[in-house]
Amino acid sequence: MVYYITAILLILIGMYAILTKKNIIKIVIGLSIVDSGVNLLLISIGYIKNGTAPIFSVEGLTPDKMVDPIPQALVLTAIVIGLGVTAVALSLVIRLYDHHKTLNINKIRKLKW
Amino acid sequence: MNFSPVHFIAVPLLAAFLIPIIGRFSKEVVKLIPGAVLLYLSYVAISLYPHTLQKPIVEIIAGFKPPFGITLYYGPLAAFLVTMIMIVGFVIWLYSYKFIIREPLEKYYMLFLLVIAGAAGIMITGDIFNMFVFLEITSIAAYSLTAFLRDKDGAEAAFKYLLIGSFSSTFYLIAVMLIYANTGTLNIADIATKMQSVPNQPKIFIMILFMVGFGIESELFPLNGWAPDAYSQAPSPIGGVFGGIVVKASTYAMMRFAFVLFDFRSTFEFILVMGVITMVIAEMSAMRQQQIKRMLAFSSIGQMGLVMIAFGVGTDASVQAALFQIFNHAIIKTLLFLAAGYLVFHSGSKKISALDGLGHNKPITSFFFALGALAIIGLPPFAGFWSKLYILTSTAKGGFLTVIVLILISGIIEAVYYLRVVSRLYFKKDVSKDSVRRTPLSGIVAMGVLAIVIILIGFYPHLILEYIQPAAHDLIDKASYIKFGLLN
């Protein structure tokens with residue numbers, strides 16, 4: 001239970017940062033906090049207390065003592081994707097700073113509905 | 001020859017990774033690769049189509065049988081949409097051939113192929129996590145393409161798109177996770193069989209997460225704030241890519257989930273209501289735009305609202321109408337973006353007011369724009385007329401009379417703002433001094449192909465209807481999706 005609460009808390013903290021911070025680097029940090037939260041949530045779904053790796057390595061090891069490997073495989077993929085998104089975001093931040101000479105999102109708003 | 005649906009994903013991905021290497025030796029070869037790839041894939045798509053009619057092709061990846069491994073489900077619906085995006089992609093490549101002259105060329109074509117691979121992947125895959133991966137491939141390539149011109153506004157639009165897009169993928173990933181926690185599987189067909197035993201509360205929560213996740217990419221109100229900026233700041237052919245390919249892929253995903261996983265009445269009512277709101281607000285916003293590409297972007301949102309309405313009605317006839325509208329929107333909106341690209345280029349400004357009298361100076365491009373405008377309003381004898389007519393009749397049969405009134409009113413608004421542009425093109429005095437630059441042949445051929453398709457379907461709608469009927473059955477028939485998806 002504590003894993004779920006921590007993960008959801010992380011997601012909420014990240015979203016708070018994205019929605020309220022004015023500095024675009026902080027917004028990108030918020031994005032990656034949300035990513036970590038989601039990854040943690042995914043991992044905790046497959047987690048079993050005192051579980052081991054899902055390999056039949058020891059005599060008498062039954063499947064109910066093993067953690068679920070699928071969420072872990074998913075998280076590996078999700079981490080890589082999160083890294084890619086963060087990299088693109090930071091490169092856009094560099095571009096924005098080059099053009100506007102500021103990181104304040106309130107000053108970067110030429111485009112409107 | 002023995003083709004497989006894997007080609008639609010593997011070939012463009014491979015080409016995309018080879019392009020930067022080949023680009024070191026020859027720029028000319030780089031320009032030709034996407035055309036060759038897309039031509040080949042269009043051929044594969046067309047030659048696979050008859051097989052899908054007998055039985056959907058289910059491809060098992062790496063030898064793990066469903067529900068354990070990743071499967072590709074290539075039924076008539078996927079075949080129809082994949083063929084559509086491959087051909088639209090080829091036309092956009094043809095247009096880009098002379099239009100994109102800025103460096104870095106190889107990055108443009110690499111990202112373009114990645115968008116195609118991702119969109120095809122979303123349409124083909126039978127695994128929800130795999131779909132997340134393809135969604136991310138498509139979106140990351142789309143963010144980068146938005147900022148391709150390296151200007152001030154491009155970076156801003158791309159950053160906005162990235163923020164909203166990351167939200168969408170986060171919501172989608174949480175939904176995937178909840179589904180896995182509740183059913184213990186990731187295969188869509190397998191989830192559909194186990195969804196019955198999931199209690200209603202998590203089910204509705206998952207549905208909302210899905211709708212938010214894909215609603216952002218399919219431009220559902222109020223999640224479409226990224227669209228006007230991204231469409232107008234990206235290079236013009238990329239506007240066609242967004243409208244014709246990216247949005248279609250996520251609309252497909254949304255519909256597949258609605259029909260297979262969440263097939264209760266309130267889902268469709270929700271889609272219907274959101275479609276109406278999206279359409280009305282988008283058409284009203286399009287009315288007051290000063291820039292031509294922003295206007296087209298809002299019109300594109302409005303058209304997707306119309307598609308959602310037809311899906312939301314949820315009958316066999318209305319799903320066919322929606323697929324017809326998806327096809328028409330893909331070809332007509334692409335034509336409009338391609339024509340607008342050269343109009344903007346010739347007039348040197350993105351403003352609508354700068355287009356005065358271009359119809360005399362640049363007759364061919366203006367003609368294509370006018371044709372596209374008339375087609376999208378829904379005037380006969382163009383393709384747009386039939387899909388709008390089918391949407392109206394099927395909505396009427398469903399008994400949603402208020403919706404019909406709103407569709408017709410939006411149609412009038414649409415006519416007003418499109419005809420405003422067309423009248424500026426033809427009935428104003430020519431103010432431009434530029435008569436040297438001409439629209440290159442590749443651009444004219446690209447637009448000409450789309451225009452011919454629009455007129456042809458306008459006169460012979462059954463040409464396309466015979467492909468739409470099996471596709472619509474494939475979407476509605478949940479039982480056969482489960483049966484073939486699990487290889488029973």
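Residues numbered from 1 in each chain as written. Chains lettered and ligands numbered in written order. Predicted model: local features only at pLDDT ≥ 70, side-chain atom pairs only at ≥ 80, totals over all residues. Heavy atoms only, no water.

J.: What am I meant to see in the overall build of chain A here?
T.: Along the backbone of chain A there are 3 helices and 0 strands. Scanning chain A from its N terminus toward the C terminus, one meets helices and strands in the order α-α-α. Radius of gyration (C-alpha) of chain A: 19 Å, far over the 13 Å computed for a compact globule of 113 residues. Each principal axis of the C-alpha distribution contributes one length, and for chain A these read about 65 × 25 × 20 Å. Split into buried and exposed, the 113 residues of chain A put 34% on the buried side. As presented, chain A carries roughly 6900 Å² of accessible surface, and 68% of it is formed by carbon and sulfur atoms. Across chain A, the 11 positively charged side chains and the 5 negatively charged ones have centroids separated by 28 Å. (Helix = DSSP H or I, 4+ residues; strand = E, 2+ residues; numbered from the N terminus. Rg over C-alpha atoms; globule rule 2.2 N^0.38 Å. Buried < 20%, exposed > 50% of the residue type's maximum accessible area, 1.4 Å probe, protein only. Areas by Shrake-Rupley, 256 points an atom, 1.4 Å probe, with all protein chains shown as cover. Lys, Arg positive; Asp, Glu negative; His and termini not counted. Charge placed at Lys NZ, Arg CZ, Asp CG, Glu CD.)

J.: Explanation requested: the interface of chain A and chain B in the structure shown.
T.: Of the residues lining the interface, 36 residues belong to chain A; the matching set on chain B comes to 40 residues. Listed by contribution, the elements that provide at least two residues to the side of chain A that touches chain B are helix H1 (2-20), helix H2 (24-46) and helix H3 (69-100) of chain A. A per-element tally of the side of chain A that touches chain B places H3 of chain A first, with 16 residues. (Contact = heavy atoms within 4.5 Å.)

J.: It is not clear to me how unusual backbone geometry should be interpreted in this structure. Could you clarify?
T.: For residues other than glycine, phi is negative in most cases, and the peptide bonds are mostly trans. All names here are of chain B. In this structure, the amide linkage connecting proline 380 to the following residue, proline 381, adopts the cis form with an omega of 5 degrees. Inspection of the secondary structure puts proline 381 in the loop between helix H15 (363-377) and helix H16 (383-398). The phi angle at arginine 150 is positive, at roughly 60 degrees, despite the residue not being glycine. Here arginine 150 shows up in the loop between helix H5 (128-146) and helix H6 (152-183). We classify arginine 150 as partly exposed; its relative accessible area is 42%. Positioned with a positive phi, glutamate 219 is a non-glycine residue whose angle comes to about 65 degrees. If you trace the backbone, glutamate 219 turns up in the loop between helix H8 (200-217) and helix H9 (226-233). Using a relative accessible area of 0% as the deciding quantity, one classes glutamate 219 as buried.

J.: Got a minute to help me understand the environment of leucine 18 of chain B in this structure?
T.: Residues and elements named next belong to chain B. Mapped onto the fold, leucine 18 is located in helix H1 (residues 7-23). Given a relative accessible area of 38%, leucine 18 falls into the partly exposed group. Separated by 451 residues in the primary sequence, leucine 18 and glutamine 469 place their C-alpha atoms 38 Å from one another.

J.: Even after reading the chapter, I still don't get the packing of H6 of chain B against H8 of chain B, so can you show me in this structure?
T.: Each pair of packed helices can be described by the angle between their axes along with the distance between the axes. All names here are of chain B. Where H6 contacts H8, the axes come no closer than 8 Å and their chain directions differ by 150 degrees. Between H6 and H8, the angle falls in the class roughly antiparallel. Two packed elements cross with a definite hand, and for H6 against H8 that hand is left-handed. In this structure, H6 uses Tyr161, Ile164, Ser168, Phe171, Tyr172, Ile174, Ala175, Leu178, Ile179 and Asn182 to contact H8, whose residues at the interface are Pro202, Phe205, Ile206, Leu209, Phe210, Val212, Gly213, Phe214, Ile216 and Glu217. Split into classes, the residues belonging to the contact of H6 with H8 amount to 16 nonpolar, 3 polar and 1 charged. (Axes fitted to C-alpha atoms, helices over the stretch in contact; angles between N-to-C directions. Parallel < 35°, antiparallel > 145°, perpendicular 65-115°, else oblique. Left-handed = near helix turned anticlockwise from the far one by under 90°. Nonpolar A, V, L, I, M, F, W, Y, C, P; charged D, E, K, R; others polar.)

J.: Honestly, the packing of aromatic side chains in this entry has me stumped. Any pointers?
T.: Two measures describe an aromatic ring pair: the distance that separates the ring centres and the angle between the ring planes. Residue and element names in this part refer to chain B. Under the definition given, this model contains 39 aromatic pairs over all chains. An angle of 55 degrees between the planes, with centres 5.3 Å apart, marks the rings of tyrosine 172 and phenylalanine 210 as tilted. Here tyrosine 172, found in helix H6, pairs with phenylalanine 210, found in helix H8; they are 38 residues apart in sequence, far enough to count as distant. Each member of the pair, tyrosine 172 as well as phenylalanine 210, carries the same accessibility label: buried. Site record: aromatic cluster; members linked through ring pairs are Phe129, Phe132, Tyr172, Phe210, Phe214, Phe257 and Phe262. (Phe/Tyr/Trp six-rings, centres within 6.5 Å; stacked < 30°, edge-to-face > 60°.)

J.: Would you explain H15 of chain B in this entry?
T.: Since the α-helix packs 3.6 residues into each turn, any two residues three or four apart lie on the same face. Residue and element names in this part refer to chain B. Along its 15 residues, H15 runs 21 Å from first to last C-alpha, staying within 8% of the 21 Å computed at 1.5 Å per residue. Where burial is concerned, most of H15 is hidden: 11 out of the 15 residues are buried. Taken residue by residue, H15 has Thr365, Ser366, Phe368, Phe369, Ala370, Leu371, Gly372, Ala373, Ala375, Ile376 and Ile377 as its buried positions. In this structure, the buried residues of H15 make contact with helix H12 (292-313), helix H13 (316-347), helix H14 (358-361), H16, helix H17 (401-427) and helix H18 (441-459). Where H15 terminates, the next one or two residues include glycine 378, which has phi positive at roughly 105 degrees. (Expected span 1.5 Å × (residues − 1).)

J.: Whenever I open this one, empty space enclosed by the protein confuses me. Can you help?
T.: Any empty space left between atoms is shown by rolling a water-sized probe over those atoms. Within the structure shown, the criterion is met by 7 cavities of 30 Å³ or more. Together, 16 residues line the largest cavity, and Asp35 and Gly82 of chain A together with Glu136, Ser169 and Thr170 of chain B are the ones closest to its centre. Of the residues that constitute the lining of the largest cavity, the class distribution is 8 nonpolar, 6 polar and 2 charged. (1 Å grid on protein atoms, 1.4 Å probe; cavity = no way out; pocket = protein on both sides within 12 Å on 5 of 7 lines; lining within 4 Å. Points joined across faces, edges and corners; volume = space filled by probe spheres on them.)

J.: Would you explain the packing of helix H10 (residues 236-260) of chain B against helix H19 (residues 462-476) of chain B in this entry?
T.: All names here are of chain B. Axis separation between H10 and H19 bottoms out at 8 Å; the angle between their running directions is 55 degrees. The orientation of H10 relative to H19 falls into the category oblique. Judged by residue contacts, Met255, Arg256 and Phe259 of H10 engage Asp474, Leu475 and Ile476 from H19. Grouping the constituent residues of the contact of H10 with H19 by class yields 4 nonpolar, no polar and 2 charged.

J.: Looking at this model, I keep getting lost on the nonpolar core. Mind explaining?
T.: Proteins that are soluble and globular tend to have nonpolar side chains buried together. Residues and elements named next belong to chain B. Among the nonpolar cores identified, the biggest contains 222 residues, and Phe8 and Phe257 are the most heavily contacted of them. Broken down by element, the residue count for this core peaks at 19 residues, all from H13. Not counting residues within four places of it along the chain, the set of residues in contact with phenylalanine 257 comprises Ile128, Met131, Tyr172, Ile188, Phe210, Phe214 and Phe262. (Core = buried A, V, L, I, M, F, W, Y, C linked by side-chain atoms within 4.5 Å.)

J.: Can you help me understand the side chain of threonine 251 of chain B in this one?
T.: Residue and element names in this part refer to chain B. Mapped onto the fold, threonine 251 is located in helix H10. Judged by its relative accessible area of 0%, threonine 251 is buried. With sequence-adjacent residues up to four places away left out, threonine 251 is seen in contact with Ser218, Met304, Val307, Met308, Phe311 and Ile326.

J.: So what exactly am I meant to see when it comes to the environment of tyrosine 97 of chain B here?
T.: All names here are of chain B. Tracing the backbone shows tyrosine 97 in helix H3 (residues 76-99). Take tyrosine 97: its relative accessible area is 19%, and that puts it in the buried class. Ignoring any residue separated from it by four or fewer positions in sequence, one finds tyrosine 97 in contact with Glu28, Lys31, Leu32, Tyr109 and Ser442. At 3.5 Å, the side chain of tyrosine 97 and the side chain of glutamate 28 are in polar contact. (Polar contact = N/O pair within 3.5 Å; in protein donor to acceptor, adjacent residues only side chain to side chain.)

J.: Help me out: how do you make sense of H3 of chain B in this one?
T.: Compared with an ideal rise of 1.5 Å per residue, which puts 24 residues at 34 Å, H3 of chain B spans 34 Å between its outermost C-alpha atoms and is within 8% of the ideal. Burial analysis of H3 of chain B places 21 of its 24 residues in the buried class, which makes it a mostly covered element.

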